[in-house]
Amino acid sequence: MRFHHALALLAIVALPLLAGVAVAIEAGYRRVPAVGVVLSALPAMGLALIVIVPVASRCSASWDVSLAMPRLLAPEERRTLRHTSVLCPTVYRFRRDGRGECLVSDGDGGALVGCG
């Protein structure tokens, strides 16, 4: 397992737990009964998980593409490289032999050249 994959897994586990603990602490300060603390912490953890999983997996795939880029593209192709999204792009466009090409995540820790 690559280091950035471990970071993504850590974020998927730790951030929802931190959100639950933060909400539980806040509920404790407000003197909410124990049932209320649990019932307020669980939705916070669920919402954090819903947000974190897609972001962490997308950023991990983006890092895979960045690591594979020097192997797959020549220096002149890397100079024409443009990302297609602002947050953790998994698709990059570049020019090869005058044609537009794409560098995309293969979903298995690497990258592929092709726009299909």
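The rules behind these values
- Residues numbered from 1 in each chain as written.
- Predicted model: local features only at pLDDT ≥ 70, side-chain atom pairs only at ≥ 80, totals over all residues.
- Heavy atoms only, no water.
- Pairing = 2+ DSSP bridges.
- Helix = DSSP H or I, 4+ residues; strand = E, 2+ residues; numbered from the N terminus.
- Contact = heavy atoms within 4.5 Å.
- Axes fitted to C-alpha atoms, helices over the stretch in contact; angles between N-to-C directions.

K.L.:
Help me understand the sheet that holds strand E1 (residues 82-83) in this model?
P.N.:
Backbone-to-backbone hydrogen bonds join strands into a sheet, with any given pair of strands oriented parallel or antiparallel. Read across the sheet, 4 strands follow the order E1-E2-E3-E4 without closing on themselves; strand pairing throughout is antiparallel. In this open sheet, the two edge strands, each paired with only one partner strand, are E1 and strand E4 (111-113). As paired elements, strand E2 (residues 91-96) and strand E3 (residues 99-105) share 6 bridges and run antiparallel to each other. Pairing of Arg 95 across the sheet is with Gly 100, part of E3. Packed onto the sheet, helix H2 (residues 34-72) meets E2, E3 and E4 and runs at close to 130° relative to E3.

K.L.:
Help me understand the pairing of E3, please; the structure alone is not making it clear to me.
P.N.:
Along any regular strand, the residues point their side chains to alternate faces of the sheet. What sits between the antiparallel neighbours E2 and E3 is a turn of 2 residues, in which Asp 97 has the positive phi angle 55°. Across 3 bridges, E3 lies against E4 in antiparallel orientation. Note on E4: the bridge partner recorded for Leu 103 is Val 113. Between the end of E3 and the start of E4, which pair antiparallel, lie 5 residues, with Gly 107 showing a positive phi angle near 80°.

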